[in-house]
Amino acid sequence: STEVTYNCDESYEVIAPTAIDLCHSTEVNFTYERIDGECESEYTEVYTYVATDECGNASAPLTYTIHVVDNNAPEFTFLPEGGVIVCSEFNGFEE
């Protein structure tokens, strides 16, 4: 089994494993499960692979788990210029 973690702004590629059998050709199949996290940009993807030969012999499952997390704090994109605000004249911030 393999587990990796990526931040939500990183791209990644899932590459399927290959298998070999000493007597026959093999076929690799997989199942996929997505488990949502606490926010939209956090989730876990679980790929479970099984190799099967022509006689129906199956390998032990191989699990590849990808955790996608959001470790980025927001950053301000606009900072108003400094100045003095007189409380009696302040009508709120512009949106």
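Note that the coordinates shown come from a computational prediction; the quantities given were computed from them, not determined experimentally.

**Examining the overall build of the chain**
Looking only at helices and strands, the chain features zero helices and four strands. Helices and strands in the chain line up, N terminus first, as β-β-β-β. Relative to its 95 residues, the chain shows a buried fraction of 14%. Look at the contacts in the chain between residues 6 or more apart in sequence, and 49% of them connect residues 24 or more apart. When the accessible surface of the chain is split by element, carbon and sulfur atoms take 52% of a total near 8,100 Å².

**Notes on the packing of aromatic side chains**
Each aromatic ring pair is summarised here by two numbers: the centre-to-centre distance and the angle between the ring planes. Tallying each qualifying case throughout the model produces five aromatic pairs. Residues tyrosine 6 and tyrosine 12 carry aromatic rings whose centres are separated by 4.9 Å and whose planes lie at 15° to one another, so their mutual orientation is stacked. Ring plane angle 45° and centroid distance 5.7 Å describe the contact between phenylalanine 30 and tyrosine 49, whose orientation is recorded as tilted. Taken together, the residues phenylalanine 30 in strand E2 (residues 26-36) and tyrosine 49 in strand E3 (residues 43-53) connect sequence positions 19 residues apart. By the ring-pair criterion, three or more aromatic residues cluster together here, those being Phe30, Tyr32, Tyr47 and Tyr49.

**Overview of the pairing of E3**
E3 sits mainly inside the fold: eight of its 11 residues count as buried. Note: E2 against E3, 11 bridges, orientation antiparallel. Directly across from isoleucine 35, in E3, lies its bridge partner threonine 44. Count of turn residues in the E2/E3 antiparallel hairpin: six residues.

**What about the nonpolar core?**
Tyr43, Tyr47, Tyr49, Tyr64, Ile66 and Val68 form the largest nonpolar core, which has six residues in total. With residues near it in sequence (within four places) discarded, tyrosine 64 still touches Thr2, Val4, Tyr6, Val14, Glu45, Val46, Tyr47 and Tyr49.

**Digging into the sheet that holds strand E1 (residues 2-7)**
Pairing between the strands of a sheet is mediated by backbone hydrogen bonds and can be parallel or antiparallel. Ordered by their spatial adjacency, four strands build an open sheet running E1-E4-E3-E2, and the pairing between neighbours is mixed. The two strands at the open ends of the sheet, each matched to only one other strand, are E1 and E2. With strand direction ignored, the average angle separating the axes of adjacent strands in the sheet is 15°.

**Some thoughts on the environment of threonine 18**
Along the chain, threonine 18 falls in the loop between E1 and E2. Between the alpha carbons of threonine 18 and valine 50 there is a distance of 9.9 Å; along the sequence they are 32 residues apart.

Rules and cut-offs
Residues numbered from 1 in each chain as written. Predicted model: local features only at pLDDT ≥ 70, side-chain atom pairs only at ≥ 80, totals over all residues. Heavy atoms only, no water. Helix = DSSP H or I, 4+ residues; strand = E, 2+ residues; numbered from the N terminus. Buried < 20%, exposed > 50% of the residue type's maximum accessible area, 1.4 Å probe, protein only. Contact = heavy atoms within 4.5 Å. Areas by Shrake-Rupley, 256 points an atom, 1.4 Å probe, with all protein chains shown as cover. Phe/Tyr/Trp six-rings, centres within 6.5 Å; stacked < 30°, edge-to-face > 60°. Pairing = 2+ DSSP bridges. Core = buried A, V, L, I, M, F, W, Y, C linked by side-chain atoms within 4.5 Å. Axes fitted to C-alpha atoms, helices over the stretch in contact; angles between N-to-C directions.

The values are spatial; any link to function lies outside them.
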